[in-house]
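# Observations on the model geometry
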Amino acid sequence: MNPSGPTLSQRLGELTKFNKHDSGIMGETTHGKFRVSVYSPSLIRITITDQNHFEDFSYSIVTNPKPTPIEIIDTAESLIVKTTLAKLCIDKKPVRFSLQTSEGKILNEDDPLGTSWIGEQVTTYKKIQAGERFIGLGEKTGGLDRRGNAYLNWNTDAYAYNKGTDPLYCSTPFYIGIHNGLCYGIFFDNTHKTYFNFGASNNRFSSFSADAGAMDYYLIYGSHVADIIKQYTYLTGRMELPPRWSLGYQQCRYSYYPDKEVLAVAKTFREKDIPADAIVFDIHYMDAYKIFTWDQKRFPDPKSLLQTLKDLGFHTVIMCDPGIKVEPGYEAYEDGVKKDVFLKYPDGENYQGQVWPGWCHFPDFTNPKTRAWWETKFQDYVDLGVEGFWNDMNEIATWGNALPENLEFDFEGNKATMRKGRNVYGFQMARSTYEGTKKLLKGKRPFNLTRSGFSGVQRYSAVWTGDNVAYDEHMLLGVRLVNSMGLTGIAFAGYDAGGFVGESNPKLFARWMSIASLSPFFRAHTMINTRDSEPWSYGEKVESICRNYIKFRYQLLPYIYSLFYDASKRGMPVQRALAIDYTHDDRVYNDLYHNQYLFGPSILVAPATSEQELLKIFFPPGNWYDLYSGKVWTGNQETIIESPIHKLPVFIKAGCVLPMQAPAAHTGLNQDELILHIYSGSESSDFMLYMDDGETFDYQSGTFAKRLIKWIGPENQVLFSKTEGSFAVPYKKIKVVIHGSYPNSLQCNGTTYSLSEQMFSFFSPLEKYDPIHEPESMGEESVRFTILDYSDDTLDIHW
C-alpha cells in the first residue's frame, strides 16, 4: 500500500474563484469547474466538469434560460443564487449545492461527498431527507416508490422481461423527490450509461452517475408534482396532438398474413360490432424482413388492400426496423452505402449486426443527412396510404446483444461513440420517422410508435413497453410502467394487452383488455405461433366483456382527446399515478394500492388480477361513484370491494363532468350529440373540452374548438364558457345526464327543461353464453336526463 499514491476518488474541491454571467454564475474549484444557469424562478441548471470546457449540446432540451431576476449573495462561507421562488446555496469549502425554498426549507442538498470522479465516471451524492420518497425514472420495474433501489439506464432489448428486470428499452433519467410536504425534480442530462441509487445497499446517500461526460443536471422546484412535470416537459418538450384514430383500439399480432387474413380480421370487427381503428402489420408483410419492401406473394396488391381497409374504417400501422440488410440489389442497402448513412467502426468500415433479415447495416440517425435519407424511403409507404409507423428493435437490438462500444456516431457533428449514442439511438430513429412522415403526409398527422427512447422522445412518438409476458403479474407491472412513464413526460404510452410472449387465457385476456381500455395507448398483440388473440378468440363471454370495454373507451373519446390536448399544452399524463394528486398520502405508495391510477382527473381505476374476485382498494379523499351501480363511496378510506371478471373496479370522482359520446365503430364517424355526464358533488371542478378535425395540424393555426366546463358544486351548476377557436364542431345537441341528484327539471340560460328518469348503464348486459346460468349483470343506476340544443355561446345549466 502506498499512502502517497493517487486518490481513488477525486472530489470537486474548494471554490477558488467565480464570476457572474447572464443567467447565473460560473465557478472554478481546486479540481474542476461549475456553471449555474437559472432557466426560470423554479428551474436551475448545474453543470460540473473536470475538463476545460462545458458541453452544451443536448437532444433532450428544447428551451433556453428565460430572463429571470436573480440576486447573488457572496458570504465568507457560501454563494447564494436567489430567485423569487427558490434559492441555490453553494458552500465554498468544499463546493456543495443545496436547493431551498425562498423561506429556507431544504428541498435537495449534496451529501458531504458532493460531486466526484473515479476515472471518467462522475457521480453526485445527495443527502436522503427524513422520510424521503423517490418516484419517476420512466420505464423501470418495481414499485411506485423507488426508495431502497438502484437502476441502470442502458437501453436494452429485454425480451420477456420480469418484474425485476433492469434495464429495459427506454431511458428517462428524471426523478421526483418527496419529503416533509415538499417536492422537487432532478433531470440528469447525460446520454452515457447512467446509474441512479436511491439508498440501495447504503444508509447514507442517494446518487446519480454517468460512465463519462459532464455532470449536467436540472433542479426543479414545484409546489405540487404536477408543477414539476409541467416544468420538466417545458425543458424536454411536449407532444404534438396525435391523429384521433390512434386513440382508438389497434389490433396487432406477429403477424397477420396473407392479405386475406388481414381483411378477415377487419371484417370480423365490423360484423361483431366491436369498435377498432387500426390493423398493425408486423414484419411478415416485408420481403424477407427487409424494410421498405412488401412480400409479393403474401401481399400482391398492398395499395388495394389498404384502400379496402380504409373503406372499412381502418388505418394501417406498419413495422419499421432500423436494420438494412447487406444485400446487393436491395435498393435501401445500395442507396444507403452510396449516401454514406450507416454507423461505422473507427476505421471507416460500415458496422454489420445480425437481426431478422440477416447481417445488416444501421442508419446513423444522429446525422442530419441520414434523417433526410430516411424520409425519402417512406415515400412509397405514404403513397400506399400508410399513416401509422411502428419503430421497433431500435435499442439497437441485434443477435448477441453486445453492440461494440467503439461504433461511431455523427452526433450533429459532435462525433461520439456508442457509449454516448446507444441511449439516444431509438429516440433519434423515432424523430427521423416522425419528422420524415410528417413532411410526406403534407399536413396530416402521422401516428408514430417506438420501443426505445430517451428524455424528449415524447415530442415525436408514443412509447410501448416492449415484449411483455402473458401472466397477471406482468399485466399489473405494465400498469405501473405506464404510470411511471407519465411521471417522466411520456403521456402517450401503453402495453400489449393480453401479453406478447406466451399465451393468454380467457380470464386474463378479459381483465387485461378492460384495464387497457383505460390506458393512453390501446393495443392487443401476441407472439408468432400462439393462439389467436382477438376479442372474439376466447369465447362468447370474453367477447362480450371486450366489446363492452372497447365501446366504453369510444364513448369516452371526447374526454380522452381533451386529455391529449392537455398533454400537448402542459405535459400532464393521461394515465396518472396517484402520487400526482395525493403526493403526501403514504397510502398511495403501499404495494396494495400502487397499481391504482387516475385516467385523467376524474376516473379512478383499481386494476385487479384475473383471479381476484375481491380487491382491497384505497379511495382518495372526496366521494366516488361506482361506474356500474352509481353507489357513492366515501373517500379517504381503505376497503374491500368485489371485482368479478366482467367488472373492472372503476369509479368516478364526485363533483366532475365527463364529456362523452355514443359508441361508434371507429373514430372517423362524426357524432352530432355531445353527452355530458354530471356526477353531482359538493366539490367544484373544471374541465377543458377540446376538439379539432383530428387529422391535420390546422389546429396549430387556430382551427380548433375549446371551452371550459365548470361544475360549481354548492350551486348544482354547470357553466360552459364561450367556444374559442374557428373549428366548427359537429354537435347539434347536448344530452345532459345527471348522476346522484334527482331534480324534476333544470334551467339552461333561463329556460326550464323537464328531466326524464331512466335506469342507465354504460355497458350492455352480457350475452347468454351459458345454457344453464343467466349472465352476470353489469349493473344499472337511476339517472335524470334531458336534451338541449348545442350552442358555442355560454351556457348556464343549473337546478
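Criteria and cut-off values
As a convention, each chain's residues are numbered from 1 in the sequence order in which they are written. Local features in a predicted model are, by the rule used here, given only for residues with pLDDT of at least 70; side-chain atom pairs are given and counted only at 80 or more, and totals for whole chains, interfaces and linings are based on all residues. Note that water and hydrogens are dropped before the side-chain values are worked out from all heavy atoms of the structure. Numbering of helices and strands runs from the N terminus, with a helix taken as a DSSP run of H or I at least four residues long and a strand as a DSSP run of E at least two residues long. Here the globule rule is a power law, 2.2 Å times the number of residues to the power 0.38, and the radius of gyration is based on C-alpha atoms. Summary of the burial criterion: residues with accessible area below 20% of their type's maximum are buried, those above 50% are exposed, and those between are partly exposed, where the area comes from a 1.4 Å probe applied to protein chains only. Contact definition: two residues touch when any of their heavy atoms are within 4.5 Å. A 1.4 Å probe and the Shrake-Rupley method give the accessible areas. Residues count as covered only by the protein chains that appear here. At least two bridges found by DSSP between two strands are what make those strands a pair. Planes of paired rings set the category: under 30 degrees apart is stacked, over 60 is edge-to-face and the rest tilted, where pairs are Phe, Tyr or Trp rings (Trp by its six-membered ring) whose centres lie within 6.5 Å. Throughout this description, the term charge over a ring refers to an Arg CZ or Lys NZ atom that lies within 6 Å of the ring centre and within 35 degrees of the ring normal.

Within the protein, the secondary structure is distributed over eleven helices and 52 strands. Against the globule reference of 28 Å for 799 residues, the protein gives a C-alpha radius of gyration of 27 Å, in line with a compact fold. With respect to the principal axes defined by its C-alpha atoms, the protein has extents near 85 × 70 × 50 Å. Looking at the protein residue by residue over its 799 residues, the buried ones come to 64%. A fraction of 69% describes how many contacts in the protein between residues 6 or more apart in sequence connect residues 24 or more apart. Working note: accessible area of the protein is about 28500 Å², and carbon and sulfur atoms make up 48% of it.

Turning next to the pairing of strand E25 (residues 358-361). Sheet topology places strand E23 (residues 324-325) next to E25; two bridges connect them, and they run antiparallel. Bridge pairing links Lys325 to Cys360 in E25. In this sheet, E25 lies alongside strand E24 (residues 353-355) in antiparallel orientation, the contact comprising three bridges. Pairing of Gly353 across the sheet is with Cys360, part of E25. Linking E24 to E25, which pair antiparallel, is a turn of two residues.

A word on the packing of aromatic side chains. Taken as a whole, this structure holds 74 aromatic pairs when the rule is applied. The interplanar angle of 25° and the centroid separation of 6.0 Å between the aromatic rings of Phe196 and Phe208 together place this pair among those described as stacked. Of this pair, Phe196 sits in strand E17 (residues 194-197) while Phe208 sits in strand E18 (residues 205-210); the two residues are twelve residues apart in sequence, bridging distant segments of the chain. Across this residue pair, the class does not change: Phe196 and Phe208 are buried. Ring plane angle 70° and centroid distance 5.8 Å describe the contact between Trp245 and Phe447, whose orientation is recorded as edge-to-face. Separated by 202 residues along the polypeptide, Trp245 in the loop between helix H1 (225-236) and strand E20 (250-252) and Phe447 in strand E29 (residues 447-450) bring together distant segments of the chain. Each of the two residues, Trp245 as well as Phe447, counts as buried. Lying over the aromatic face of Tyr257, Arg298 brings its terminal NZ or CZ to 4.1 Å of the ring centre. Of note, Arg523 hangs over the ring of Trp390, and the distance from its end group to the ring centre comes to 4.4 Å.

Interpretation in functional terms is not warranted from these geometric data alone.
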